[in-house]
Amino acid sequence: MRRILSILTTTLVALTASLCVTAVNARQAESQIRVLVNGRIWTGDVARPWAEAVALQDGRILAVGDRAQVVRAAGSDARQEDLAGRFVTPGFIDTHTHFARAGELLLGVNLLDVSDDTGLRRRVGEAGDRLPPGSWMVGGDWGAYDLESDWAPRRSVLDSLTGDRPALLNKWDRSQFVANAAALAAAGIDPATHDGLLSREEAGRIYRAMPRPSFEQRLAEARLGLWDLVRHGVTTIHDITGAGAMRTYQYLKARDSLTVRVCARPTLDHWEDLAAVGIVTGYGDEVLSICGLKGFVDGIMGNSSAMFREPYRHMPDTRGRWRTMMSPPGNMERLIGSADSAGLTPQIHAIGDLAVDTLLDMFADAIEQNGPRDRRLRMIHAQVVEADDFRRFGELGIIAEVQPYHAIDDMRWMEDRIGSRSRGAYAFRSLIKNGGALLVFGSDWPGTNAAWYPADPVLGIYAAVTRKTLDGKPEGGWYPDERVTVQEALEAYTVDAAYAAFEEDWKGKLAPGYVADLVVLSEDLFAIAPDAIKDVRVLRTMVSGRWVYSAEALSP
Ligand SMILES: [Zn+2]
């Protein structure tokens, strides 16, 4: 965690400038045929899984195959680029992101792993350099990775670091708030009479006095978010999207600066508004589309609000709780059934064993009511599944959208909280083998107020293939029979993720006619030891035939 965050904060500022690809020059270059040669290319195409070369034109793939064959197909005018023997995969599709929130954390202050003055000085200083002049510094969520510590920032230190920029920071669990002098003054509180440690009521007063971030700030956040994605090889996100992010996406897209394809997912309770203007799943184009609606059945494991049949072991009074869409009784069934019949795809969060079982029942009802159709309903997280429920995924054709990095972050406390039910937690192999489910992978980037989840498919693949923490524990992997193979993990990030969004005819593999989205990695994932996967680097990322990220020379 510390390692990931420090790499992030030190590289982001310096590197963002180069993200602004000069679109005009790129356009001219695109119409010329280019051939990438001398690669070890995993295509994701069952008809031809491996290739040496790929020809590109106008953002699409012209030919894939042996070098001689592809060079011939490309013609004598084609320009060649040498891949230096590197491993190539189709661009990664992250099926679970919170783009707007990630941008806020990347541009603003991130204190999740900070629990002392040294960390505070560094992070607040860095955020001050990134934030536009005059904007507020807000949040931080300090202390999430040091639960024993009772450290909190002092106003005197904060004042010395922030000057006249207003700052209002909070602890990860929102139990403590601290404001600097400028923020107190903005809310009409005299800084001379206040030490900056706030009651909940005072914090609320300052929040109300805070101006909304400018659109320029939102754009700056989005550019950092895009950079963080492409440097990890992510070329498409299935995003949980609010109205603000949608506006930012449209603005960037109109300027040819949306360097990642976006499948937006508004919330399920908006289905009627979308249906009223004729929007169905797939609305939009190849860059920005609506690919489903997100709903919630229950809470999360992190704060023991995921819904179980039996109580949590460490909190015998609770079994979790249902989310608001579940009430009044019958509401969620109505939302799922109506959205489905309107051609909008419900994609619903369910984590605890009771939540998973309940959602499977609701999906079954919707299918029965609305009749057979190719609908690709999705369960988001599908985190703790009872033995009897695996097969129902296959029977009902439910796609399981899971986040392998969660498994290796949560395993620290999973068994303390739910005991033997952990057997069905992140049970990827069982979902495929006993369940016949289609598995798609994502990150949940940037995480929650209690955890940072990197938008890093390489770490996701490592987690799914080894089921070990980043420092290699436990030795043989956590419930090792739930591991998946490298190929299954790659498919879950590429071809299968494209299928989940009804995009399998033009995205997710390297085949003629498909979009030229691909990633060059430092190592062949099939050839190295699983434990070494976590150290593999993304060297290049291509979206629509354009290199949107180049880290270093390809030849060693
Ligand atoms: Zn999420």
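How each quantity is defined
Numbers given for residues are sequential positions, taken from 1 along each chain in its written order. With the structure being a predicted model, the display of local features is reserved for residues of pLDDT at least 70 and the display and counting of side-chain atom pairs for 80 or more, all residues being used for whole-chain, interface and lining totals. Each side-chain value is derived from all of the structure's non-hydrogen atoms; neither hydrogens nor water enter the calculation. Excluding water, the donors of a metal are its N, O and S neighbours within 2.8 Å, or within 3.2 Å for Na, K and Ca, and that exclusion means sites may look incomplete. Think of it in three bands: residues with accessible area under 20% of the maximum for their type are buried, residues over 50% are exposed, and the middle band is partly exposed, with areas taken using a 1.4 Å probe on protein chains only. Only the contacting stretch of a helix is used when fitting its axis, a line to C-alpha atoms as for every element, and angles between N-to-C directions run 0 to 180 degrees. Helical segments are the DSSP runs of H or I of at least four residues, strand segments are the runs of E of at least two, and each set is numbered from the N terminus. An angle below 35 degrees is treated as roughly parallel, one above 145 as roughly antiparallel, one from 65 to 115 as roughly perpendicular, and anything else as oblique. The hand of a helix crossing depends on one turn: near helix anticlockwise from the far one by less than a right angle means left-handed, and clockwise means right-handed. In what follows, a contact means two residues having at least one pair of non-hydrogen atoms within 4.5 Å. Gly falls in the polar group here, along with every residue not listed as nonpolar (Ala, Val, Leu, Ile, Met, Phe, Trp, Tyr, Cys, Pro) or charged (Asp, Glu, Lys, Arg). Two strands form a pair only when DSSP identifies at least two bridges running between them. pLDDT runs from 0 to 100 and stands for how confident the predictor is about each residue. Convention used here: a crossover is right-handed provided that the path from the first strand, over the helix, to the second strand proceeds clockwise when the strands point away from the viewer. Remark: nonpolar core denotes a set of buried residues (Ala, Val, Leu, Ile, Met, Phe, Trp, Tyr, Cys) joined through side-chain atoms within 4.5 Å. Counted as a polar contact is a pair of N or O atoms within 3.5 Å, where, for protein atoms, one must be capable of donating a hydrogen and the other of accepting one, and residues adjacent in sequence contribute only when both atoms are in side chains.

Colleague: Before we go on, may I ask you to explain the coordination of the zinc ion in this structure?
Modeller: Under perfect tetrahedral coordination by four donors, a metal shows angles of 109.5 degrees; under perfect octahedral coordination by six donors, it shows angles of 90 or 180 degrees. Around the zinc ion, the donor atoms from the protein are His96 (NE2), His98 (NE2) and Asp444 (OD), and they sit 2.1 to 2.2 Å away. For His96, a relative accessible area of 1% corresponds to the buried category. His98 sits in the partly exposed class, given a relative accessible area of 22%.

Colleague: Got a minute to help me understand the packing of helix H12 (residues 331-341) against helix H13 (residues 353-370) in this structure?
Modeller: Packed helices, taken two at a time, are described by their axes: the angle between them and the distance between them. Running from N to C, H12 and H13 point in directions that differ by 45 degrees, and their axes come no closer than 9 Å. Overall, the two elements H12 and H13 adopt an arrangement that is oblique. Crossing handedness for the pair H12 and H13: right-handed. Listed contacts from H13 to Met332, Glu333, Ile336, Gly337, Asp340 and Ser341 of H12 are Leu359, Met362, Phe363, Ala366, Gln369 and Asn370. Tallied by class, residues from the contact of H12 with H13 come to six nonpolar, four polar and two charged.

Colleague: Which parts of the structure should I look at to understand the sheet that holds strand E3 (residues 50-51)?
Modeller: Hydrogen bonds between backbone groups are what pair the strands of a sheet, and the pairing can be parallel or antiparallel. Spatially, E3-E2-E7-E23-E24-E25 is the arrangement adopted by the six strands of the open sheet, whose pairing is mixed. At either margin of the open sheet sits one strand with a lone partner, and together these are E3 and strand E25 (546-550). Here strand E7 (residues 87-90) runs beside strand E23 (residues 518-521); their pairing, made up of four bridges, is antiparallel. The residue of E23 that forms the bridge with Pro90 is Leu518.

Colleague: Help me understand the confidence of the model for the chain in this model?
Modeller: Interpretation of this model should avoid reading the predicted coordinates in detail wherever pLDDT is low. Overall, the prediction assigns the chain a mean pLDDT of 93, with 95% of residues at 70 or greater. The low-confidence segment residues 6-25 (pLDDT under 50) makes 28 contacts with residues lying over four places distant or belonging to another chain.

Colleague: Please explain the pairing of strand E19 (residues 399-402) as it appears in this structure.
Modeller: The two faces of E19 match: Ile399 and Glu401 on one face and Ala400 and Val402 on the other face are all buried. Two elements, strand E18 (residues 378-381) and E19, share three bridges in a ladder whose sense is parallel. Note on E19: the bridge partner recorded for Arg378 is Ile399. Each parallel crossover has a hand, and the one from E18 via helix H14 (residues 390-396) to E19 is right-handed.

Colleague: What is the right way to look at unusual backbone geometry in this model?
Modeller: A negative phi angle characterises most non-glycine residues, just as the trans form characterises most peptide bonds. Between Trp445 and Pro446 the backbone carries a cis peptide bond, its omega angle lying at 5 degrees. Along the polypeptide, Pro446 turns up in the loop between strand E20 (438-441) and strand E21 (447-448). Unusually for a residue other than glycine, Asn38 sits at a positive phi of about 65 degrees. Turning to its location among the elements, Asn38 is positioned in the loop between strand E1 (34-37) and strand E2 (40-42). Take Asn38: its relative accessible area is 33%, and that puts it in the partly exposed class.

Colleague: Would you mind showing me how to read the nonpolar core here?
Modeller: Buried together is how nonpolar side chains tend to be arranged in soluble globular proteins. Counting 128 residues, the largest nonpolar core has Met332, Met379 and Phe393 as the members making the most contacts within it. If one sorts the elements of this core by residue count, H13 sits on top with nine residues. Not counting the four nearest positions on each side in its chain, Met332 is found in contact with Leu268, Gly295, Phe296, Val297, Met325, Met326, Ile348 and Met362. Val54, Leu56, Leu510 and Met542 belong to the second largest nonpolar core, which has 16 residues in total.

Colleague: Would you mind going over the side chain of Ser443 with me for this structure?
Modeller: Relative to the assigned elements, Ser443 resides in the loop between E20 and E21. You can call Ser443 buried: its relative accessible area is 5%. Polar side-chain contacts of Ser443 include one of 2.6 Å to the side chain of Asp94. At a separation of 2.9 Å, a polar atom in the side chain of Ser443 contacts the main-chain amide nitrogen of Trp445.

Colleague: Is there a simple way to explain the environment of Glu386 in this structure?
Modeller: Mapped onto the fold, Glu386 is located in the loop between E18 and H14. The exposure class of Glu386 is partly exposed, given its relative accessible area of 23%. Sequence separation of Glu386 and Arg423 is 37 residues, and the distance between their C-alpha atoms is 8.7 Å. In this view, Glu386 contacts Arg309, Asp353 and Asp357; residues no more than four positions away in its chain are not counted. Within the structure, Glu386 has its side chain in polar contact with the side chain of Arg309 (distance 2.7 Å).

Colleague: Would you explain the pairing of E7 in this entry?
Modeller: Along a regular strand, successive side chains alternate from one face of the sheet to the other. Pairing analysis gives two bridges linking E2 to E7, with the strands arranged parallel. Residue pairing in the sheet places Arg40 in a bridge with Phe87 of E7.

Colleague: Which parts of the structure should I look at to understand helix H8 (residues 200-209)?
Modeller: Residues lying three or four places apart along an α-helix face the same way, a consequence of the helix completing one turn every 3.6 residues. Taken residue by residue, H8 has Glu202, Ala203, Gly204 and Ile206 as its buried positions. The inward-facing, buried residues of H8 abut strand E10 (167-171), strand E11 (177-179), helix H7 (181-186) and strand E12 (197-198).

Colleague: In this structure, what is going on with the environment of Arg40? I would like to understand it.
Modeller: Counting through the fold element by element, Arg40 comes out in strand E2. Other than its neighbours up to four places away in sequence, Arg40 contacts Trp50, Ala51, Gly85, Arg86, Phe87, Val88 and Asp524. At 2.4 Å, the side chain of Arg40 forms a polar contact with the side chain of Asp524.

Colleague: Any chance you could explain the sheet that holds E20 here in plain terms?
Modeller: Taking strand neighbours across the sheet as the criterion, the five strands line up as E16-E17-E18-E19-E20 in an open arrangement whose pairing is parallel. Only two strands of the sheet have a single partner each, and these edge strands are strand E16 (293-296) and E20. Across this sheet, the average inter-strand angle for adjacent strands is 25 degrees, counted without regard to direction. This element, H12, spans E16 and strand E17 (346-350) of the sheet and lies at about 150 degrees to E17.

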